[in-house]
Amino acid sequence: MDGKLDGALRTAPNVIINDQQVRGMLAKRAKTLHLGTANYCWFADPAKALCLKLAGTPTADRPLMGMCDSARCPQATHHSRHRPVWEKTVEQNRVFIGMLGRGQKAERARLEAELARAGKVLADIDAASGDPTPAAGTED
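Residues numbered from 1 in each chain as written. Predicted model: local features only at pLDDT ≥ 70, side-chain atom pairs only at ≥ 80, totals over all residues. Heavy atoms only, no water.

Trainee: I would appreciate a short explanation of the sheet that holds strand β3 (residues 76-77) in the present structure.
Mentor: By way of backbone hydrogen bonds, the strands of a sheet pair with one another, either parallel or antiparallel. Spatially, β1-β2-β3 is the arrangement adopted by the three strands of the open sheet, whose pairing is antiparallel. Since the sheet does not close on itself, it has two edges, and those belong to β1 (33-35) and β3, each with one partner. (Pairing = 2+ DSSP bridges. Helix = DSSP H or I, 4+ residues; strand = E, 2+ residues; numbered from the N terminus.)

As structure tokens, this is what we get:
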């Protein structure tokens, strides 16, 4: 029975048999993982990287973290450690929107769109962490 089980384990896609395989897997993924202040970028497919599209450099071999719009990029992930950054973004956008005059409609629209994106990211982080309370700035 043990011989049959070992054969099945070798063909299972998610089983790592030894430490060398773990090191190999981590080394392979390390080339695609880029750590940002507000997100992790899994730069596995440059063609899907929003930062490269925005910069007009689709053939770059690494992300442009300074141009990252992780709320819209399919290769970005957000985690609980990123929550304070997104919470601060929501707070700041609310303050800036409150300071705008009536004639600043374009700026208000831009900031409201940013607020909505940041609020969604914050809500998604909370949902993934199992936090039942609404994210700051997302309740209306």
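Trainee: Could you clarify how one ought to interpret the nonpolar core in this entry?
Mentor: Across soluble globular proteins, nonpolar side chains have a tendency to be buried as a group. Ala38, Trp86, Val90, Ile97, Leu100, Leu111, Leu115, Ala118, Val121, Leu122 and Ile125 together form the largest nonpolar core, which totals eleven residues. Taken together, the elements giving at least two residues each to this core come down to α4 (83-99) and α5 (105-129). Counting residues per element, this core draws most heavily on α5, which supplies six residues. By size, the runner-up hydrophobic cluster in this structure holds five residues, among which are Cys41, Phe43, Cys51 and Leu52. (Core = buried A, V, L, I, M, F, W, Y, C linked by side-chain atoms within 4.5 Å. Buried < 20%, exposed > 50% of the residue type's maximum accessible area, 1.4 Å probe, protein only.)

Trainee: I would appreciate a short explanation of the confidence of the model for the protein in the present structure.
Mentor: Residues at a pLDDT of 70 or more form 81% of the protein, whose mean pLDDT is 84. Across the protein, α4 holds the top mean pLDDT of 97, while helix α1 (residues 2-11) sits lowest at 54. Low pLDDT (under 50) marks residues 135-140, which in the prediction has 16 contacts with non-local residues, meaning those over four places away or in another chain. (pLDDT = per-residue confidence, 0-100. Contact = heavy atoms within 4.5 Å.)

Trainee: What exactly am I supposed to notice about the side chain of aspartate 69 here?
Mentor: Topologically, aspartate 69 is positioned in the loop between α3 (50-55) and β3. Polar contacts involving the side chain of aspartate 69 include one to the side chain of arginine 72, which spans 2.5 Å. Not counting chain neighbours up to four residues away, the residues in contact with aspartate 69 comprise Leu50 and Arg117. (Polar contact = N/O pair within 3.5 Å; in protein donor to acceptor, adjacent residues only side chain to side chain.)

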